[in-house]
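Residue strings, one per chain:
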Amino acid sequence: MAERLSRAANRRLAPLNGVTVPVLQDHGGYIAEFDIGHPPQRAQAIVDPMTDLVWTQSSTCRPNCFAQNLGFFNFSLSYTDYPVPCDHSMCAAGYETKPCMGSGDDNDEGTCPVRATNFEYVAAGVLRTDIFMFGEPRVNAYVNITFGCVSQTNFGNLDGASGFLGLGRGALSFVSQVGGNRFSYCLTRLSDDLDPSTLFVGSSAGLGGDGPVTSVPFVESPDEEPFSSLYYLPMSGIEFAGWVFIPLRAFRIRQVAPGLWTGGVVISTTIPVTFLVDEAYRILSQRVSEHLGSNLVPAPVDSGLEFCVAAEDQWRRTKKN
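- For the chain, an unreviewed UniProt entry supplies the name Peptidase A1 domain-containing protein and the organism Lolium multiflorum.

Okay, here's the thing in structure tokens:
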């Protein structure tokens, strides 16, 4: 086993120009496509900068997992796959790994168990390592990745995807394992029928393009996991019909208990709307209500919406009157 781990570590190489991952749009989310193992098995994973672990459902999952568009990953068919033992350094690399407690479905033959969470979602399995291949031709873009091979989940579906591609700051994230300390992406709008988006990791990542580009430094993350893996922005205000005054404390990261932090503004590609803490939302909603005035109309029942405006033609008639 030690010899196989050594050989795998030496293979942990990406192309000199970094890794380029095609990203598709599907049901309001961004999904990366790639192959795992040799011979390759196709997988799809939701791109998520709020988590670290790369994970996919395995063939040991059924009937305890959700349906997906592609087949379940069968590690027994891959010549390049191997389990990560409990005493390996990668088993202690992130908050998703769990102590080995003996034999069982999540700890077969001393394999490192993992438990990935995303809000109310939980996915459990074991840690394995295999070749991941990206782009075309895939043989020219590969890297060994330690990932969660999931055998049990507690939620309904991922809109056809088979798992997550974590881009967080932790050691088990895709970005960290590729060997680079940077990534970039240009995500096309979900309503556009355009070419797939692209995720660049490593030396190929950079800022550019035809439009204006603004750089904003991240706020330092807390030391405790999982907060240490998040990307916090230094948000200081909101502009709507002139600046909306919101106390800066509403946007600051603060510790409310040992190991528990709140506040801050976090980047996410999985949540389609922007969320605000109650203090900031109440101030902004008051400004919106005052500005729109008579153009506001009742929101549909059970829509979860607070503000709705009249259709454009109705709004124009109201302005004329």
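**Remarks on the packing of aromatic side chains**
Okay, step 1: Applying the stated criterion across every chain, the model contains nine aromatic pairs.
Okay, step 2: On the numbers, 5.3 Å between centres and 25° between planes, the contact of F34 with F132 is stacked. Remark: F132 occurs in strand β7 (residues 121–133) and F34 occurs in strand β2 (residues 29–36); sequence separation between them is 98 residues. Pair check on accessibility: F34 and F132 agree, each one buried.
Okay, step 3: Aromatic pair F34 and F134: ring centres 5.8 Å apart, planes at 50°, arrangement tilted. With a gap of 100 residues between them, F34 in strand β2 and F134 in the loop between β7 and β8 (142–153) connect regions that are remote in the sequence.
Okay, step 4: With relative accessibility at 3%, the residue F34 sits in the buried group.
Okay, step 5: For F134, a relative accessible area of 1% corresponds to the buried category.
Okay, step 6: An aromatic cluster of at least three residues, connected via ring pairs, comprises F34, F73, F132, F134, F147 and F174.
Okay, step 7: R128 extends its terminal NZ or CZ atom over the ring of F75, reaching a point 3.8 Å from the ring centre.

**Focus: the pairing of strand β4 (residues 54–57)**
Okay, step 1: By the alternation rule, side chains of β4 split into V54 and T56 and W55 and Q57, which are all buried.
Okay, step 2: Across three bridges, β4 lies against β8 in parallel orientation. Each residue of the ladder has a partner; that of W55, found in β8, is G148.

**With respect to the environment of T111**
Okay, step 1: Tracing the backbone through its elements, the reader meets T111 in the loop between β5 (82–83) and β6 (113–118).
Okay, step 2: Once the C-alpha coordinates of T111 and R128 are considered, the two residues, 17 residues apart in sequence, prove to be 8.1 Å apart.

**Considerations on the confidence of the model for the chain**
Okay, step 1: On average, residues of the chain score 79 in pLDDT, and 81% of them reach the 70 mark or higher.
Okay, step 2: Note that residues 103–107 has pLDDT below 50 and, in this model, 15 contacts with residues that lie over four places away or in other chains.
Okay, step 3: This stretch, residues 313–321, has a pLDDT under 50; its non-local contacts, to residues over four places away or in other chains, come to four contacts.

**A closer look at the state of the cysteines**
Okay, step 1: The final tally for this structure, using the stated rule, is two disulfides.
Okay, step 2: Each sulfur in the disulfide pair C61 and C65 lies 1.5 Å from the other. As the torsion about the S-S bond is roughly -50°, the C61-C65 disulfide counts as left-handed.
Okay, step 3: Residue C61 is classed as buried on the basis of its relative accessible area of 0%.
Okay, step 4: Each disulfide pairs two cysteine sulfurs, and for C91 the partner residue is C112, the sulfurs being separated by 2.1 Å. Judged by the sign of its S-S torsion, about 85°, the bond between C91 and C112 is right-handed. Linking C91 in the loop between β5 and β6 with C112 in the loop between β5 and β6, this pair joins segments that are 21 residues apart in sequence. C112 matches C91 in its accessibility class, with the two residues each being buried.

**Here we look at the environment of G125**
Okay, step 1: Of note, G125 is situated in strand β7.
Okay, step 2: Once the C-alpha coordinates of G125 and R115 are considered, the two residues, 10 residues apart in sequence, prove to be 6.5 Å apart.

**Considering the nonpolar core**
Okay, step 1: Judged by nonpolar contacts, the single largest core of 26 residues is most densely connected at F34, F132, F134, F147, L165 and F174.
Okay, step 2: Mapped by element, the contributors of at least two residues to this core are β1 (19–26), β2, β3 (41–48), β7, β8, α2 (174–178) and β11 (197–201).
Okay, step 3: Apart from the residues within four sequence positions on either side, F34 is in contact with Q41, R42, A43, A45, F132, M133, F134 and L165.
Okay, step 4: Counting 23 residues, the second largest nonpolar core, distinct from the first, contains I46, W55, L127 and L172.

**Things to note about the pairing of strand β15 (residues 254–257)**
Okay, step 1: Direction of pairing for β15 relative to strand β16 (residues 260–262): antiparallel, over a ladder of three bridges. Opposite A257, over in β16, you have L260 as the bridge partner.
Okay, step 2: The loop that links β15 with its antiparallel partner β16 comprises two residues; one of these, G259, has a positive phi angle of about 75°.

**Remarks on helix α3 (residues 278–292)**
Okay, step 1: Taking 1.5 Å per residue, 15 residues should reach 21 Å; α3 reaches 21 Å between its end C-alpha atoms and fits that length.
Okay, step 2: Within the sequence span of α3, burial applies to E279, A280, L284, S285 and V288.
Okay, step 3: Looking at the buried positions of α3, the neighbouring elements they touch are β13 (238–239) and β14 (243–244).
Okay, step 4: Residue G293 follows α3 closely and has a positive phi angle near 50°.

Parameters and conventions
Residues numbered from 1 in each chain as written. Predicted model: local features only at pLDDT ≥ 70, side-chain atom pairs only at ≥ 80, totals over all residues. Heavy atoms only, no water. Phe/Tyr/Trp six-rings, centres within 6.5 Å; stacked < 30°, edge-to-face > 60°. Helix = DSSP H or I, 4+ residues; strand = E, 2+ residues; numbered from the N terminus. Buried < 20%, exposed > 50% of the residue type's maximum accessible area, 1.4 Å probe, protein only. Lys NZ or Arg CZ within 6 Å of the ring centre and 35° of its normal. Pairing = 2+ DSSP bridges. pLDDT = per-residue confidence, 0-100. Contact = heavy atoms within 4.5 Å. Disulfide = S-S within 2.5 Å. Core = buried A, V, L, I, M, F, W, Y, C linked by side-chain atoms within 4.5 Å. Expected span 1.5 Å × (residues − 1).

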